[in-house]
Amino acid sequence: MKVTNKKGALKNKHIVLTSGNYHSFYDGETIQINIKKNNWSQLFYNQYNLEAESQKKITVEFLLQSHKFILRIIKNIDVLLKVGGELDLVLLDNRSHSKSYRSISQIKHAISISTNGRYICSSFKSDGLVATLSYLKKSATLLSNDLVNRWSFGIVSNGVKNNWVLEQIKSILDQNIADFEIIICGPSPFEGGVHFNDRVKIINDFKLEEDIRAPISHKKNLIIKEAQYNNLCIMHDRIILPKSWFNNLKKYGNYFDILSLRIVNQNNERILVDWMTFCSPLASLYRRNRALMYDEWDDEVIVPGAVFIAKKNLIEGFMFDERLYWDEMEDIYFSKIAHLRGLLIDIDCGNHFITKEVRQFSQSSGWVNLKIFSIILWIKSVVLISLRLKRSKKRYYKSYEL
């Protein structure tokens, strides 16, 4: 599907991405974009009025080896380049692997895995210092039937909050989406189990006989397998779509792998887990898991378990690990595997979900709260946990003396 974000969008151009101290320019044939001036809250094709999958050539100058947003850059490039288009990467001929300055092998790995094998490497040239790695795009970014107005909504429920589920269903119906389905994995929320909308499907629930844990991974996987559309939105039974949800999503566009949105409570306060980084390994003493500003990104950003958007064809190869249950960090494990498979977890900060129940902290998302106050809270929590551990040990071992 070709997407023109607005009338007069440019196509068949040579796009040059650079980090040099140059101003972006357009000479009729070549458009140079200084990545330092980029607004990361928007996709390139929206920000620079470029028609998606319609540009003939893209040159990237010395960016991918050191830029923190490497995955976001590659994904944006893929959205711009037309099938048959050429991608030239200008690189330092570096063979040493590192995180601070990536080797050529690391770049090749990133291109191959993040574009899902849709590119062929056409040439490699080097003078021993500067290398040029060239690719050709062989197939489209989106599946031919992947349209922005086709959606599968999944609701995970245990039958306790049926009134909320009915409210969820209404919030989806109010979006006026052309082609959609609602898949409920859980007991029917309708009185007597009867409903009169053929867009709503109640699928066989997954239940455990003796285990007290909630099989959240099994339920989400059942929804993914059942979904008929490539655009997936899977929610717990406390999430509501605001009336402007679909119109805002169309403004963002149909190009994403896994997409987070802002999550707010009914007082419009941010739920901090909606966009956060979760360090790995978890035992890293001097790193902290923290909420991100919406214009930040990190390799270890995670998908919030309560609700996420994804392309079915990109996640059905691994899905959720059914060894993990609710409250066993199944969403974090899913996020780590997604990253390893080259999927970009990104955020549309111009849109949001509403949660009727809050399990996590909510607060203002201002710079002071997220950058300063959160550090103070983190230090405080480390100290308190240490003190509680000492008290717990003292109480536990004291019981043996009785």
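Residues numbered from 1 in each chain as written. Predicted model: local features only at pLDDT ≥ 70, side-chain atom pairs only at ≥ 80, totals over all residues. Heavy atoms only, no water.

### Comments concerning the layout of surface pockets
One number sums up the size of the second largest pocket: a volume of about 530 Å³. Lining the second largest pocket are 16 residues; nearest its centre among them are I70, H109, A110, D299 and H339. Elements supplying a minimum of two residues to the lining of the second largest pocket: α2 (70-80), α3 (104-114) and α8 (330-340). In terms of residue count, α3 provides more of the lining of the second largest pocket than any other element does, five residues in total. Of the residues contributing to the lining of the second largest pocket, the split by class is five nonpolar, six polar and five charged. (1 Å grid on protein atoms, 1.4 Å probe; cavity = no way out; pocket = protein on both sides within 12 Å on 5 of 7 lines; lining within 4 Å. Points joined across faces, edges and corners; volume = space filled by probe spheres on them. Helix = DSSP H or I, 4+ residues; strand = E, 2+ residues; numbered from the N terminus. Nonpolar A, V, L, I, M, F, W, Y, C, P; charged D, E, K, R; others polar.)

### Focus on a nonpolar patch on the surface
On the surface, I379, V383, L384 and L387 cluster together to form a nonpolar patch covering roughly 350 Å² of accessible area. Secondary-structure assignment places L387 in helix α9 (residues 367-398). Exposure remark for L387: the relative accessible area of 46% places this residue in the partly exposed category. (Patch = residues over 30% accessible without salt bridge, like charges linked within 9 Å, V, L, I, M, F, W, Y side chains within 5 Å. Areas by Shrake-Rupley, 256 points an atom, 1.4 Å probe, with all protein chains shown as cover. Salt bridge = Lys/Arg side-chain N within 4 Å of Asp/Glu carboxyl O. Buried < 20%, exposed > 50% of the residue type's maximum accessible area, 1.4 Å probe, protein only.)

### A closer look at helix α5 (residues 216-226)
Owing to its 3.6 residues per turn, the α-helix brings residues three or four apart onto one side. Within α5, eight of the 11 residues are buried, which leaves the element mostly enclosed by the surrounding structure. Among the residues of α5, those classed as buried are I216, S217, H218, K219, K220, N221, I223 and I224. In this fold, the buried residues of α5 make contact with β8 (150-156), β9 (179-185), β10 (200-203), β11 (231-236), α7 (312-315) and α8. (Contact = heavy atoms within 4.5 Å.)

### Observations concerning the side chain of K220
In this fold, K220 is placed in helix α5. Within the structure, the side chain of K220 is placed 3.5 Å from the side chain of H236, a separation counted as a polar contact. Not counting residues up to four positions away in its chain, the partners in contact with K220 are V156, I234, H236, G305, F320 and E330. (Polar contact = N/O pair within 3.5 Å; in protein donor to acceptor, adjacent residues only side chain to side chain.)

### Description of α2
Among the 11 residues of α2, 11 are classified as buried, and the element is accordingly described as predominantly covered. Among all positions of α2, only I70, L71, R72, I73, I74, K75, N76, I77, D78, V79 and L80 are buried.

### Section: unusual backbone geometry
Residues other than glycine seldom take positive phi values, yet F62 does so here, at roughly 50 degrees. Its location among the elements puts F62 in the loop between β4 (55-61) and α2. By relative accessible area, F62 is classed as partly exposed at 37%.

### Details of the packing of aromatic side chains
The tally for this structure, following the rule as stated, stands at 14 aromatic pairs. Seen in terms of ring centroids, Y45 and Y255 are 5.7 Å apart; in terms of plane orientation they differ by 75 degrees. Their pairing is edge-to-face. One end of the pair, Y45, is in helix α1 (residues 44-47); the other, Y255, is in the loop between α6 (245-252) and β13 (258-264), with 210 residues separating them in the sequence. Y45 gets classed as buried once you look at its relative accessible area, which sits at 2%. On the accessibility criterion, Y255 (4% relative accessible area) is buried. One aromatic cluster in this structure is built from W40, F44, Y48, F69 and W297. Across from the ring centre of F69, 5.1 Å away, lies the NZ or CZ of R72, which sits over that ring. Of note, K311 hangs over the ring of F256, and the distance from its end group to the ring centre comes to 4.2 Å. (Phe/Tyr/Trp six-rings, centres within 6.5 Å; stacked < 30°, edge-to-face > 60°. Lys NZ or Arg CZ within 6 Å of the ring centre and 35° of its normal.)

### Quick notes on the environment of L272
Turning to its location among the elements, L272 is positioned in the loop between β14 (270-271) and β15 (276-277). Residue classification places L272 among the buried residues on the basis of a relative accessible area of 15%.

### Observations regarding the nonpolar core
If you look at the biggest cluster of nonpolar residues, it comprises 96 residues, and the most contacted ones within it are W151, F153 and W245. For this core, the element with the highest residue contribution is α2, accounting for seven residues. Excluding residues within four positions of it along the chain, F153 makes contact with I172, I177, F180, E181, I182, I183, C233, M235, L241 and W245. (Core = buried A, V, L, I, M, F, W, Y, C linked by side-chain atoms within 4.5 Å.)

### Observations regarding empty space enclosed by the protein
Within this structure, the stated rule accounts for two cavities of 30 Å³ or more. Quantified by volume, the largest cavity comes out at close to 40 Å³. Around the largest cavity sit W40, S41, Q42, L43, R72, N76, Y252, D346 and I347, which together line it. Elements with a contribution of two residues or more to the lining of the largest cavity: α2 and β18 (345-355).

### A closer look at the pairing of β13
The buried fraction of β13 is high, at six of seven residues. Strand direction decides the pairing type here: β13 and β18, joined by seven bridges, are parallel. Across the sheet, residue I258 finds its bridge partner in β18, namely I345. (Pairing = 2+ DSSP bridges.)

### Here we look at the pattern of salt bridges
Evaluated as defined, the whole model comprises 24 salt bridges. One salt bridge connects D298 with K68, and the closest N-O pair in it is separated by 3.7 Å. In this pair, D298 sits in the loop between β16 (290-291) and β17 (307-311) while K68 sits in the loop between β4 and α2, placing the two residues 230 residues apart along the sequence. Under the relative-accessibility criterion, K68 is labelled partly exposed at 45%. We note a salt bridge from E300 to K336, for which the minimum N-O separation is 3.1 Å. Here E300 is found in the loop between β16 and β17, whereas its partner K336 is found in helix α8, with 36 residues between them in sequence. Judged by relative accessible area, E300 falls into the buried class, the value being 12%.

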